[in-house]
Every structure is written in C-alpha cells, then in structure tokens.
Amino acid sequence: MINRELINPQSIVVVGGSNNVHKPGGRIVRNLLDGKYKGELCVVNAKETDVQGVKSYPSVHDIPKTELAIISIPSKSCPEVMEVLARQKEVKAFIVISAGFGEETHEGGILEQQMLDVVNEAGASLIGPNCIGLMNMNYHGVFTQPIPEFHPDGVDFISSSGGTALFIIESALTKGLRFSSVWSVGNSKQNGVEDILEYMDRNFDPVLDSKIKMLYIEQIKQPDKLLYHASSLIRKGCKIAAIKAGSTESGKRAASSHTGAIASSDSAVEALFRKAGVVRCFSREELTTVASIFTLKEVKGKNCAIVTHAGGPAVMLADALSKGRLNVPSLEGPIADELKSKLYPGAAVGNPIDIIGTGTPEHLATAIDFCENRFDNVDLMMVIFGSPGLVKLYDTYEVLHKKMEACKKPIFPILPSIVTAGPEVKSFVKKGHVNFSDEVTLGTALSRVINTPKPMSTDIQLYGVDVPEVRRIIDRLPGRGYLNPEEVRTLLRAANIPLVEEYASDDRDALLAFAKKVRYPVVAKVVGPVHKSDIGGVALNIRGEEHLLFEYERMMRLPGVTGVMVQPMLKGQELFLGAKYEDRFGHVVFCGLGGIFVEVLKDVSYGLAPLSYDETYSMIRSLRGYPIIKGTRGQKGIDERQYADIIVRLSTLLRFASEIKEMDINPLVATDRGLFAVDARIRIEKSSDRLA
C-alpha cells in the first residue's frame, strides 16, 4: 500500500535522530533540512532536546500527531514504537531504516511480521525495513549521500538494494541524469518493486508524472503484477529500463532435454521483460545510459549518422552500432559532395562524418544541418566532440545545445573530455542535457532500446487449439514423467501442430510394411529411453528393407527399449521449439534453429506464454540465425508464418496445460511441403503428485 502520507507528508518524525551526522539518524535529519522540507519536523531522542535546530522529544509518547515516521533505532524496539505511533499518533506511513530483521535471523523475521501486522491494522504504508529510505521532490528521507537533483521530468528509480541504488545514482550524476523520486524497498515486507509500479500505474498523471522509470530488482516475487503494470505504464507513454540481478533456485535437477539444458530462471526474466516492453540492462552504466537515452527525442529508425572530429571513437561506435543491428548508412552523391565542400580539406563525409580535429563550431553546425535536412537516410545523429586541452569548447557546445533543441531528429552528445573540458561539459549538462562520455556503452545501450519490442498483448486466443481435447488428454494421463510417443502425438494433434508420419511397434513385419508405404529412406528410433542418441538409438537415412531389419534387431537389444519407431526421412532446415514451466512465471517458450545452433551456440529466443503473433515474430527475428530463416546466399528461406503459427499454438496449448513442466520439439523440419514435428518430448507433473 502506498499513500499520500508517504509521498507528500505534511509532518515527519525521525525516531532515532541525533546531532551526529555520521550516524543514520543524524544524517536523515541533515538531509531533510538540506532538502528544505517544508512540513512540520520533529525528532525522538531521549538524550537531546534540540537536534540540529529541530525540537526533540524524549519518547514517541510525547510527540504531536504526525503523518510519516522515519525510524532508525535497534530492530527489537521497532514493533513497540510503531504500535504507539500508529495507534496514538495516527501515523499513516513508516520508513524503517533499521536492519536486523528477516534478512538475518528467524527471530528478526518474527519482529518484521509484528511490524507489518501493526502497519496493516492501522491502514498505513511501510517502506523497508533494512533500506536507505525514500526521497522525492517533497522530502529527502534517506541517511545516505549523494542526493541527486530532483525535477518533475527526472527519473523515477526503484531499487531492491540501498547500496546499489547509491552506486547507480553516482553513475547517473556523471551523465547529468536528474531524478523525480528514489525508492529503496529493502526487505519489501509490505511494498516491493511491483507494488510501487502498481501505485505509479494506477495513479499516473501524464502531465505531472515522470515518464522514465529505472528498476534494480533482486527478486521478482509477483511476475504477473510486474508484467501488468510495467506494460500498462509503457502503453501510457512511459519508458522503463531494468536490471534483474541474480537468479532463483527453481527447477534444479539433471537436464533431461535440450530445453532443460537451456532453460533457467533468467530466461523467464528475459521473456517477462520482452513481453512487458522493458529494456533489460546488465550493469549500472548500461542502466543509466538507457535512462539517459530515454530523456532525448524519440528514435524513429535505425539509421545513424556519426559526426566526429576524431576517427578512432567513431570507428568503435560504428562497430558497436552494427553489432546491435543498427545501421550506419553510407552518405554519398551530390549532397555529400556539397557537405564536403563546406568543410576543411581532409574532412570525410561518407559516415562517419569526420570534420577533423581543426573543425570549427560552424563546421559542426553545418554537418548537423545536412543530417537533419538533407540526408533522408539518417534517423538520428551521434556527435563525438572532445578536447586535447588546447582550446575551450564553450562555443562548440553552445552550437550543440541549440541544435539539440531545434532539430527534430534526436542528437546523442558524446563529450568524452570530462577532465580537460570539465567546465564546458558541466555548463552543457546544466542546460538540461545528458552526456554520454563513452561511445561504445552508448552504442550498445541504444541497440538494446531500439531492439526491445513494444508491450505485447496478454489476451488469450485459441488459434485452432482444441482446448477441451487438450484437457481430456491431460486429465487421463498418469501423474508424472515423460509421455510415450502416442500420447505426445495426441497432444500435438489437439494443438493443430503438423506431425511427420510415424509408426511405433515391436513387430518387425509391421514396421517393414510401414516403411514400404511411406517409401525409403526412413529414420528408425528406439521407443522407451529418453536420451535416444546417447545409447545409439537413432539411425538415419535407412535406404532399404535389409538395412531396416539390421537396425531393428540392433535396437531391440539396447537396454530399456520396448519398441522401434519408423519415420520418413525428411530433408530441410531443422528448427527447435521448447518450453519449461517456471514457478510464478508460467511457461517460458524457446525457439531457434536446430542442430548446432541450439546445442552449441545456444541461439534461442524466449517468450512468456501465451504468445501473440507480434511477440512471436519478434522472437524469431531476434535470433542471430534469422537470416537463414529468411533465406540467404541463394538458399530458400522457411515459411516464417507457419513457424509463428506453430509457436503460437504451442504457447496456447501450454497455457491450458500447466501440468506440462518441460517439452521440446527437436527437430521441427522445414521442408518444401511445410513444417513438420519429427521428434518431441513432454514431461508432465500433476500438482497432487509434486514432490514436497
């Protein structure tokens, strides 16, 4: 629960405030005063009557009625103090800085629950415990430094970790990033990252509220809530960047399929963020760089012009952009020749546009004007301009400032000389700009922003899946384990997934008759063992009856084999489909090319079931091997629409069959006649039979 008293309290008491600003209680008071908090402020300290000029009371029993309490006292005293504040002083919001609760001991967890009970009974809001606090444009209720600049257009930042939050703020300050609010949720006993996002979503004001959110998350406790409110905020015009640190311990067992080998809780996070439209980051620098990108004009294409006066950084930037599947188009022809004529001899305009080290502010302005107005194949500009320490750059950065204000195309300033041109960079940033001092970090972050899809639909559509039949099949299956081939085929048929013809039996004459009907060459596989290849249980390209008889007799002697399956030998591109159930998240669906691409290169894309067609196409096209799917070097591509159909149907099947814990279709072969599932494995686990 988040309330007005927490966001904008008219009165605050600091329990444990002191005159020692090197202790948390003292620093909280100092930060509130330095931040010019305008409401009523008092302190509880049994040894002081005056704390930094603020009236101090010996006990919480003595203070006037107060809206917000910030508590920095030993953990064992917190529940009793909070009960007095809630019942007698009508406190409706609590920020508990104190540590020593559930993060440390079982006894601490009991204290934490007692605090929550008090808060919930009073209908109050709680942040913490074990956090650095909360700061926004109304008050600075934290015990730490630095305190960033706050502005309505700044960033809302929510962090699971207080210490990490400070390091992220430090990174942001070097770029000129401003903040609207900073939330440290600590143990998240009442309010976690998801709850604060929910509050921001339900109370979003498109005129007054910040449209940029940064998240640092250590555990996603409520994936559905995070997905719903993050995607809702993005649809309302917000942009969200997030780090998810660490991974959970779910599903630890020996991998029994390709999916099991690939899957991890991290892939569930990847799929969740993709579905929500959240830009995923992996470092503090990347997070604050993405947030800084969000402050600039919206990027509407992938064609980048690089304007520079130094060749090396421009080359490194071009490399980073290309690796991120962005374009650095060649600039040539009469317009490029005209631009070159306006620059010093030795300048290059092919892109990067190098105005050389002696280029003037006027040359920079000219290059930007050509990119803005003359080059149609430019969507955005990246300007690299530093100093060797021989000249002042105020005039150059003033030109850059004016062009960023006037141009419709976004301009990304890369001002690397934060030492030799420190005053000039600071002057530029004070005008409301951000600065990207490292070009490769920017190029990588920009590619993440542009390649992150928009929020996807969570509506469930059947897409030709016979849901009643799926449920009938699942309900009559035994409790746990891998399904036999016929059970697998029955389920896939109910999902309208095309299957290769096959026949399984321990009768050699029946197998020979089937092989004759479908025509050689055929494939033979053992029935029974899960890992067929590991025991020599697969034989390819069987071209005649004698060869098939030999393989049949060999396979029937292998351990655990109950029969042999025969299929026609299909020729075509091998694809892979898989899924794994993750607790709280649901099914994560994997797609990719088969063979070495999935086994060695792990070139797979993730999505969270159920999948829409837009989400599925985004998954397919994010694969490194996508050019093969599309068709490259004279090779015919596959039917991308049918591949998407099968992925969507599979995700719909999974949505109505949570008992399926792991499955893969490997290979799914793309032939001239279409796509066919050749081999599939499905492991189920019904809730009544789950291990404790």
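Rules used throughout
- Residues numbered from 1 in each chain as written.
- Predicted model: local features only at pLDDT ≥ 70, side-chain atom pairs only at ≥ 80, totals over all residues.
- Heavy atoms only, no water.
- Helix = DSSP H or I, 4+ residues; strand = E, 2+ residues; numbered from the N terminus.
- Buried < 20%, exposed > 50% of the residue type's maximum accessible area, 1.4 Å probe, protein only.
- Contact = heavy atoms within 4.5 Å.
- Lys, Arg positive; Asp, Glu negative; His and termini not counted.
- Charge placed at Lys NZ, Arg CZ, Asp CG, Glu CD.
- Pairing = 2+ DSSP bridges.
- Axes fitted to C-alpha atoms, helices over the stretch in contact; angles between N-to-C directions.
- Polar contact = N/O pair within 3.5 Å; in protein donor to acceptor, adjacent residues only side chain to side chain.
- Salt bridge = Lys/Arg side-chain N within 4 Å of Asp/Glu carboxyl O.
- Core = buried A, V, L, I, M, F, W, Y, C linked by side-chain atoms within 4.5 Å.

**Here's the deal with the overall build of the protein chain**
At step 1: Helices and strands together make up the secondary structure of the protein chain, namely 24 helices and 29 strands.
At step 2: Referenced to the eigenvectors of the C-alpha coordinate spread, the extents of the protein chain come out at roughly 100 × 75 × 35 Å.
At step 3: Relative to its 692 residues, the protein chain shows a buried fraction of 58%.
At step 4: Across the protein chain, the fraction of contacts at a sequence separation of at least 24, relative to all contacts at a separation of at least 6, is 71%.
At step 5: Side-chain charges of the protein chain comprise 82 positive and 83 negative groups, with the mean position of each set lying 2 Å from the other.

**A look at the sheet that holds strand E14 (residues 279-281)**
At step 1: Pairing is mixed in the open sheet, where seven strands are placed in the order E9-E8-E11-E10-E12-E13-E14. The open sheet has two edge strands with one neighbour each: strand E9 (140-142) and E14. Averaged over all pairs of adjacent strands, the angle between strand axes in this sheet comes to 20°, irrespective of strand direction.
At step 2: As judged from the three bridges shared by strand E8 (residues 133-136) and E9, these two strands associate in the antiparallel manner. Counted as the bridge partner of Met135 is His140 from E9.
At step 3: Across the sheet, helix H10 (residues 284-294) touches strand E12 (212-217), strand E13 (239-244) and E14, and the angle it forms with E13 is around 175°.

**Quick notes on the sheet that holds strand E5 (residues 68-71)**
At step 1: The sheet built from seven strands is open, its strands ordered E3-E4-E2-E1-E5-E6-E7 with mixed pairing. The open sheet has two edge strands, strand E3 (50-51) and strand E7 (125-127), and neither has a second partner.
At step 2: Pairing geometry for strand E1 (residues 11-15) and strand E2 (residues 40-44), over five bridges, is parallel. In the strand pairing of E2, Val14 is matched with Val43.

**Side note on the environment of Arg554**
At step 1: Here Arg554 lies in helix H20 (residues 545-556).
At step 2: A residue is classified by how much of its surface remains accessible, and Arg554, at 24% relative accessible area, is partly exposed.
At step 3: Spatially, the C-alpha atom of Arg554 lies 33 Å from that of Gly592, the residues being 38 residues apart in sequence.
At step 4: Within the structure, Arg554 has its side chain in polar contact with the side chain of Glu551 (distance 2.8 Å).

**Remarks on the pattern of salt bridges**
At step 1: All told, the structure shown has 35 salt bridges when counted by the stated rule.
At step 2: Note that Lys175 and Glu285 form a salt bridge whose closest N and O atoms lie 2.9 Å from each other. A residue pair is termed long-range when its members are at least 10 positions apart, and Lys175 in helix H5 (residues 162-175) and Glu285 in helix H10 qualify at 110 residues.
At step 3: Taking relative accessible area as the criterion, Glu285 reaches 38% and is therefore assigned partly exposed.
At step 4: Among the ionic pairs, Asp266 bridges to Arg280, the shortest N-O distance being 2.5 Å. Residue Asp266 is found in helix H9 (residues 265-276), and its partner Arg280 is found in strand E14; the two are separated by 14 residues along the sequence.
At step 5: Asp266 gets classed as partly exposed once you look at its relative accessible area, which sits at 29%.

**Looking at the side chain of Glu615**
At step 1: Its place among the elements puts Glu615 in helix H22 (residues 613-621).
At step 2: With residues up to four places along the chain from it excluded, the contact list for Glu615 reads Lys275, Met456, Gly607, Leu608 and Pro610.

**Some details on the nonpolar core**
At step 1: Counting residues in each nonpolar core, the largest one holds 75 residues, and the members touching the most others are Phe157, Phe179, Met214, Ile353, Met382 and Phe412.
At step 2: Setting aside chain neighbours within four positions, we find Phe412 in contact with Ile293, Leu296, Val299, Leu380, Met381, Met382, Val383, Phe436, Leu442 and Leu446.
At step 3: Of all hydrophobic cores here, the second largest spans 56 residues; its members include Ile220, Ala230, Val604 and Tyr606.

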